[in-house]
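Spelled out from the first residue to the last, the chains are:
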Amino acid sequence: PEWVKRHEHQFLRALLFMLKDPSAEATASMAEQASSALSLLLRVCNIKGIPPLAETVDMLVSEISTSTPNTTVRKAVIDLLKELSQNTGIELSEILRPFINGLVTLILSKPLKTLHLVMQTGYLDVMTFILGLRPPVTTFTPELLKFLQDALAIAEEDVSLGKVRQSRKVQLLNGSRVAAIELLSMAMTCYEFHTQEQAEFRNRIIGVFFKTLTLRSKEVVEVSRKGLAYVISQHRLPKELLQSSLRPVLLMP
């Protein structure tokens, strides 16, 4: 184990390369093996009570930003960061705090609608992960609020999938919308978002949760239902909002 610890970063770099290998020879099985080996490596090299090496965290955070379009890599690296927290017994927020500003700045630097659908979904997923960290590691800056407004626009966009013939396009549109709704749901759990100033914004989000319950996509309906269930369990909704939001749901065929 001591030899492995001394060479942690060489192993980490090599296994991350295997995880994101785009070559034709790479298989899903290889990615799974690389992910399992990465998990074992972090378990061997990181123990309770001792913070992980800064270079280890920096490498993983860098992979989140550079591999944003790759769902498999993105989710695997986020899971590895969670395991790092479990292995050391240190809150993930505290581990990531010194490294998170650069990632947040990168994500908020471009309007979502200017990005390819795959990149859109990746950025939305990563920001959902960041907003879900407790204690919080970021604040609701004007830039973050603008990002959430862009996510709301994606979630409520009136896209007629019936006119989209390519199944891949339909899949990408649904994926982006699911990710947007998940981010909005996470924002609704954040204490800092519950100011009087953001009341209208929150009501628009709740309205979108209701509206998207009428869509055909099971994935979209499911995440909307979860978001709505949380809101109803935590907040008393205004009567006018309930009436206007329920009307399209009740008129469903």
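Residues numbered from 1 in each chain as written. Predicted model: local features only at pLDDT ≥ 70, side-chain atom pairs only at ≥ 80, totals over all residues. Heavy atoms only, no water.

Student: Before we go on, may I ask you to explain the environment of T138 in this structure?
Tutor: Among the secondary structure elements, T138 is positioned in the loop between α8 (117-131) and α9 (142-156). When its relative accessible area of 19% is taken as the criterion, T138 is described as buried. For T138 and R97, which are 41 residues apart along the polypeptide, the C-alpha to C-alpha distance reads 8.7 Å. Other than its neighbours up to four places away in sequence, T138 contacts V104, I130, L131, L144 and E192. (Helix = DSSP H or I, 4+ residues; strand = E, 2+ residues; numbered from the N terminus. Buried < 20%, exposed > 50% of the residue type's maximum accessible area, 1.4 Å probe, protein only. Contact = heavy atoms within 4.5 Å.)

Student: What am I meant to see in the side chain of S85 here?
Tutor: Considering the arrangement of structural elements, one finds S85 in helix α5 (residues 71-88). The residues contacting S85, other than those within four sequence positions of it, are I90, E91, L92 and I95.

Student: Just checking my understanding: could you explain the pattern of salt bridges for this structure?
Tutor: For side chains bearing opposite charge, pairing can occur when the charged atoms are close. Following the criterion strictly, the structure yields 10 salt bridges and no others. Between E63 and K20 there is a salt bridge; the shortest N-O distance is 2.8 Å. Of the two residues, E63 is situated in helix α4 (residues 54-66) and K20 in the loop between α2 (8-19) and α3 (28-45); the sequence distance between them amounts to 43 residues. Residue class for E63 comes out buried when judged on its relative accessible area of 10%. Assessed through its relative accessible area of 30%, K20 is described here as partly exposed. With a shortest N-O distance of 3.0 Å, K113 and E157 are connected by a salt bridge. (Salt bridge = Lys/Arg side-chain N within 4 Å of Asp/Glu carboxyl O.)

Student: Just to check I follow, could you spell out the packing of aromatic side chains for this structure?
Tutor: Describing an aromatic ring pair means giving the distance of the ring centres and the angle of the ring planes. Within this structure, the stated rule accounts for three aromatic pairs. Here the aromatic rings of F140 and F193 are separated by 5.5 Å at their centres, their planes lie at 20°, and the arrangement is stacked. Note that F140 is positioned in the loop between α8 and α9 and F193 in the loop between α10 (167-187) and α11 (199-212), a separation of 53 residues in sequence. Accessibility assignment for this pair places F140 and F193 in one class, buried. Between F193 and F201, the ring centres sit 5.4 Å apart and the planes meet at 80°, which makes this aromatic pair edge-to-face. Each member of the pair F193 and F201 is classed as buried. Taken together, the ring pairs in this structure connect F140, F193 and F201 into an aromatic cluster. (Phe/Tyr/Trp six-rings, centres within 6.5 Å; stacked < 30°, edge-to-face > 60°.)

Student: Would you mind showing me how to read the packing of α10 against helix α12 (residues 218-234) here?
Tutor: Helix packing for two helices is described by the angle between their axes and how far apart those axes are. For the pair α10 and α12, the least separation of the axes is 9 Å and the interaxial angle reads 5°. Considering the angle they form, α10 stands roughly parallel to α12. Contacts from N174, R177, V178, I181, E182 and S185 of α10 reach α12 at E219, V220, V223, S224 and G227. Taken together, the residues that form the contact of α10 with α12 break down as four nonpolar, four polar and three charged. (Axes fitted to C-alpha atoms, helices over the stretch in contact; angles between N-to-C directions. Parallel < 35°, antiparallel > 145°, perpendicular 65-115°, else oblique. Nonpolar A, V, L, I, M, F, W, Y, C, P; charged D, E, K, R; others polar.)

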